[in-house]
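If you want the building blocks of each chain, they are given just below.
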Amino acid sequence: MRKLVGHNFARIRHEKGLTQEDVEARSGFSQQYISSLERGRRNPTIITLYELACALDVALLALLEPGA
């Protein structure tokens, strides 16, 4: 699940043309945290996922969809 979330997050971020630093500014999560998340090394809480989804301006479920 961590790798799925990380992959989806990185894909959406790239599709929106955002850098990790852009997401840091929007979300308050550090660039290092975002990098670890994208590599599947973080186990974010549902609240964290919600806040990151808001920073990307997507639905929370977009981060959880398999095969996207």
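Residues numbered from 1 in each chain as written. Predicted model: local features only at pLDDT ≥ 70, side-chain atom pairs only at ≥ 80, totals over all residues. Heavy atoms only, no water.

Novice: Could you give an account of a positive patch on the surface, naming the residues involved and the relevant values?
Specialist: A surface patch of positive charge is lined by Arg2, Lys3, Arg39 and Arg41. Take Arg2: it is sitting in helix H1 (residues 2-15). (Patch = residues over 30% accessible without salt bridge, like charges linked within 9 Å, V, L, I, M, F, W, Y side chains within 5 Å. Areas by Shrake-Rupley, 256 points an atom, 1.4 Å probe, with all protein chains shown as cover. Salt bridge = Lys/Arg side-chain N within 4 Å of Asp/Glu carboxyl O. Lys, Arg positive; Asp, Glu negative; His and termini not counted. Charge placed at Lys NZ, Arg CZ, Asp CG, Glu CD. Helix = DSSP H or I, 4+ residues; strand = E, 2+ residues; numbered from the N terminus.)

Novice: Quick rundown of the packing of H1 against helix H3 (residues 31-38)? Include the residues and the values.
Specialist: Contact geometry for H1 and H3: axes closest at 7 Å, N-to-C directions at 115 degrees. Note on element contacts: H3 touches H1 through Ile34, Leu37 and Glu38, opposite Arg2, Val5, Gly6, His7, Phe9, Ala10 and Arg13. Grouping the constituent residues of the contact of H1 with H3 by class yields five nonpolar, two polar and three charged. (Axes fitted to C-alpha atoms, helices over the stretch in contact; angles between N-to-C directions. Contact = heavy atoms within 4.5 Å. Nonpolar A, V, L, I, M, F, W, Y, C, P; charged D, E, K, R; others polar.)

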